[in-house]
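In case you want the letters, here they are:
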Amino acid sequence: MKKSLFPRLALMAVLMAFVSACSEKQEYTNVIPANVSTVVSINVKSLVDKAGLNDKENKEAQQKLIDALKSGMNAATFQQVEMIMKDPKKSGIDVSAPMYVFSAEAFPYTTVVAKVSNEDDLHALLETLEKEKICQPLASGDGFQFTQMNNQVLLAYTPSVLMLTNYSGTTQLDKIKQAIPTLLKQTSENSVVSTSAFKKMQKMRGDIDVLFSPASFLGAYTSQLNFGLPQNINLKDMQILGSLSFDKGKISMKYENFTENPELQAMFDKQKKATCAIENSFLKYFPKSTLMYLSMGINGEEFYNLLLENQEFQKNFSISKANEVKELFGTFQKDVAVGLINVTMNNAPTFLLYANVKSAAPVQMLYEKKGELGLKRGEDILKLGENEYVYKSSMLNVFFGVRDNNLYATNDEMLYKSIDKAVNPSIKDTEFASNIKGKHSAFVINAEAILGLPVVKMLGEYGGTQYATAIALVDKVAYMEAVGDPNNNAEMVIQLKDKNVNALKQIVNFIKEFAGI
């Protein structure tokens, strides 16, 4: 009878998760090529600690897992697994050092790299996996030992490095075997270790760090995006650094652009000038229950200067049109704020927009040129008063205008009648309001307000187990926030209601509760 797949997969997961050896050598990273398209660093030990997997309250769950494993393997195999769980060093793999996942131009296969702490212990582990039919018998390659798993993964190792490479078909497998000796002979000078981007990624010190090239990630779409950039700019010269950290009460994700191309860096510097610090000028006009809030600081004139370098803009706008666009963008300065106020099943979502402007030129131009907008039958823009207008259609009315150099727009008549009137309580009374000021862009999702919507409550009550579980998970979140700083770096934070327990541990506890462990 064919053995169940679960014990085998669970065996691998347990062995990888509970390893913790101590070694400072980093030579194993030399196998990662310098021209990586993607490399991910995973701090397994930190993740295990933050998840609380070794805490006393999880001993019972661990014992249940051990019992489950025991039922699917023979006594000798179970003894080996139990020994490794009691003394993780016996696995031969050092996960106190980061594990890496990479793919590169010279080696275009998804590969996991880990540090070997003891070759003999690793060999014993692989023999156990062989007995459980998880891998094939060990064989020798050019300077390495290897085995195969399920005709999809090649596991190769030396006394210092372990590589697991995903492949498809015999042709790819042969190419991988031929390429591995070259990777194993790489020194730090010709590997990713020597690159500035990798060194900077290591300094981020998140639980999970990532370095990738947008050009390789976007594939065929790269040429289309390059088409809209200045002629001397190529996305292949740009990389993105990211970092994911689990902290008490929150999950933090950071990213920043990295380039050593002077022209591309110059473009980034120009982009910085197109934005400015948010002053929170309009918080008092948005209710505290606002579902989503977007704000940014804009320097309209500099934003227009960026447009001038865009090839598509140059081709599609005549000089006269370009002057109109310049006047339009030049009017905007400082804060722009947009809020999603309400969502119902019967009407369009309610929104509210404010922006600092130098004059009423944007709304005046829109009204004066309404004949060029291609309005359909039943659509029109009507003047309500000085610098006040309404777009009318059979489905929607949008009120917009300028008061005291503040541009506004909303599709709710009650909000229109309350323009420039402070509300109480407002967004300025929220916890995230202080995080927005001084940033150049900010986007907030108010999870608590969303869960308070009647339509969401109805889904939770009548939508079945799937909706109820999703809502129970979201109910642990206070808000989600993404902000951009003056250097075009960004951070996204998922703020949980419980600020005293690590976010990863809260996730694990939720999974345990959901699974009945």
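Structure shown above.
Cut-offs used in this document
Residues numbered from 1 in each chain as written. Predicted model: local features only at pLDDT ≥ 70, side-chain atom pairs only at ≥ 80, totals over all residues. Heavy atoms only, no water. Buried < 20%, exposed > 50% of the residue type's maximum accessible area, 1.4 Å probe, protein only. Helix = DSSP H or I, 4+ residues; strand = E, 2+ residues; numbered from the N terminus. Pairing = 2+ DSSP bridges. Phe/Tyr/Trp six-rings, centres within 6.5 Å; stacked < 30°, edge-to-face > 60°.

Caption draft 1: Representation of the pairing of strand E1 (residues 36-42). Judged by how many residues are buried, E1 sits mostly within the fold: 5 of 7 residues are covered. In the sheet, E1 pairs with strand E3 (residues 99-104) via 6 bridges, with the strands oriented antiparallel. Counterpart to valine 36 in the pairing with E3 is alanine 104. As paired elements, E1 and strand E9 (residues 208-212) share 5 bridges and run antiparallel to each other. In the strand pairing of E9, serine 41 is matched with aspartate 209.

Caption draft 2: Layout of the pairing of strand E17 (residues 388-392). Counting buried residues along E17, 4 of its 5 residues qualify, which places the element largely inside the surrounding structure. Direction of pairing for strand E16 (residues 380-385) relative to E17: antiparallel, over a ladder of 5 bridges. Within E17, the residue paired with isoleucine 381 across the bridge is tyrosine 391. Linking two consecutive strands that pair antiparallel, namely E16 and E17, is a turn of 2 residues; a positive phi of about 60 degrees is found at asparagine 387 within it.

Caption draft 3: Broad picture of the packing of aromatic side chains. Under the criterion given, the structure shown has 15 aromatic pairs. Where phenylalanine 144 meets phenylalanine 146, the ring centres are 5.9 Å apart and the plane angle is 50 degrees; that geometry is what we call tilted. Its relative accessible area of 5% is what places phenylalanine 144 among the buried residues. Judged by centre distance (5.6 Å) and plane angle (25 degrees), the ring pair of tyrosine 389 and phenylalanine 400 falls under stacked. Of the two residues, tyrosine 389 is situated in strand E17 and phenylalanine 400 in strand E18 (residues 397-403); the sequence distance between them amounts to 11 residues. Pair check on accessibility: tyrosine 389 and phenylalanine 400 agree, each one buried.

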